[in-house]
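# Residue-level structural notes
The lines below spell out each chain.
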Amino acid sequence: MTLDTGMGNELGRDEIAAMRRSYGEAGIDGLAEDPFVAFSQWLVEAHENPLIVEANAMVLTTLDHEGRLSTRTVLLKDISKNGFTFFTNYTSRKGVALHGQPQVTLLFPWYAMERQVSINGDAEKISREESEEYFATRPWGSQIGAWASRQSAPLASRDELQERWDGAAAKWPEGTSVPTPPHWGGYRVIPRDIEFWQGRYSRLHDRLRYERRLTQAPEEMKWEITRYYP
Ligand SMILES: Cc1cc2nc3c(=O)[nH]c(=O)nc-3n(C[C@H](O)[C@H](O)[C@H](O)COP(=O)(O)O)c2cc1C
């Protein structure tokens, strides 16, 4: 089978099958006992690596009330209060899915470092104040964009979106304070488990999973670390 792009370049099945890399010698060493500390350490390393763009980009998968999965990238904007925070439109497809069905997965694919971090947990809305605090730090154009976009709704034309943006920009000109849209805000993902994966030679990769143990106080997190076969 050949995948012809119609543009004069093509990929044969053998070429796809042969796409693979050998991974490095270095394993996971000395990772902190607190997975948030360990994650922060890896995030800094990914951020400092010139081969990785948008180290804070993560793939978020949600499940809606009819059992349908959907997935997309969002940006991690905070790691605090025992969770991973991102911002979005509460009426978007993901927002609707998260209404009453909080289970999510997060994946940080840092391929250039032969690393991934995968997280399972529950998403909860953050407080209005926290969303407003972050919204105020966004560039003006993004703030106007949050008013203009009815994220995930069908859009008849690009012009319609531009008109909505122009309308919002006229209402709150650059330099004025743009209020946080009621349909926009953050979610915090409270992890149940966090797995760190490091590619190694001969597919003998390192996998360390931090699993949360139930404690009396839900805000207190205790973790058990298990190594898994690759
Ligand atoms: C690198 C990257 C970062 C993104 N960051 C966000 C984000 O932080 N929040 C967001 O709502 N959408 C973000 N998006 C767009 C989403 O992937 C998605 O298209 C949008 O949120 C609509 O998703 P939904 O219809 O499944 O709700 C990002 C896309 C990319 C490629």
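Conventions we followed
Residues numbered from 1 in each chain as written. Predicted model: local features only at pLDDT ≥ 70, side-chain atom pairs only at ≥ 80, totals over all residues. Domains from an automatic or database assignment. Contact = placed C-beta atoms within 7 Å. Nonpolar A, V, L, I, M, F, W, Y, C, P; charged D, E, K, R; others polar. Pairing = 2+ DSSP bridges. Helix = DSSP H or I, 4+ residues; strand = E, 2+ residues; numbered from the N terminus. Buried ≥ 20, exposed ≤ 12 C-beta atoms within 10 Å, placed from the backbone. Near = placed C-beta within 6 Å. Expected span 1.5 Å × (residues − 1). Arc of directions from axis to C-beta.

## Comments concerning the domain arrangement of the protein
When its domains are assigned, the protein resolves into domain 1 (25–136 + 182–227) and domain 2 (140–179). Between the C-alpha centres of domain 1 and domain 2 the distance comes to 29 Å. Tallying the contact residues gives 5 residues for domain 1 and 5 residues for domain 2. Split by residue class, the side of domain 1 that touches domain 2 holds 2 nonpolar, 2 polar and 1 charged.

## Focus: the pairing of strand S8 (residues 115–125)
Across 8 bridges, the pairing between strand S7 (residues 103–110) and S8 is antiparallel. Each residue of the ladder has a partner; that of Phe-108, found in S8, is Val-117. Connecting S7 to the antiparallel partner S8 that follows it, the hairpin turn spans 4 residues, and Glu-114 within it adopts a positive phi of roughly 55 degrees. Two elements, S8 and strand S9 (residues 184–198), share 11 bridges in a ladder whose sense is antiparallel. Residue pairing for S9: Ile-119 is matched across the bridge by Ile-194.

## Quick notes on the environment of Arg-164
Its location among the elements puts Arg-164 in helix H6 (residues 158–171). In this structure Arg-164 comes out as partly exposed when scored by C-beta crowding, with 17 C-beta atoms within 10 Å. Taking the C-alpha atoms as reference points, Arg-164 and Ile-144, separated by 20 residues in sequence, lie 9.3 Å from one another.

## Topic: the site of the ligand
The environment of the ligand is formed by 16 residues, the closest being Arg-72, Thr-88, Ser-92, Arg-93 and Ser-152. Going through the elements one at a time, strand S4 (69–75), strand S6 (83–89) and helix H3 (93–98) are the ones with two or more residues in the shell around the ligand. Sort the elements by how many residues they give to the shell around the ligand and S4 lands first, with 5 residues.

## Quick look at helix H2 (residues 35–48)
The end-to-end C-alpha distance of H2, which contains 14 residues, comes to 20 Å, matching closely the 20 Å that a straight helix rising 1.5 Å per residue would cover. Taken together, the buried positions of H2 are occupied by Pro-35, Ala-38, Phe-39, Trp-42 and Ala-46. Seen along its axis, H2 keeps its buried residues to an arc of 95 degrees; they face one direction. Exposed positions of H2 whose direction lies more than 90 degrees from the buried face are Val-37, Val-44, His-47 and Glu-48. Where H2 is buried, its residues contact strand S5 (78–80), S7, S8, S9, strand S10 (206–213) and strand S11 (222–227).

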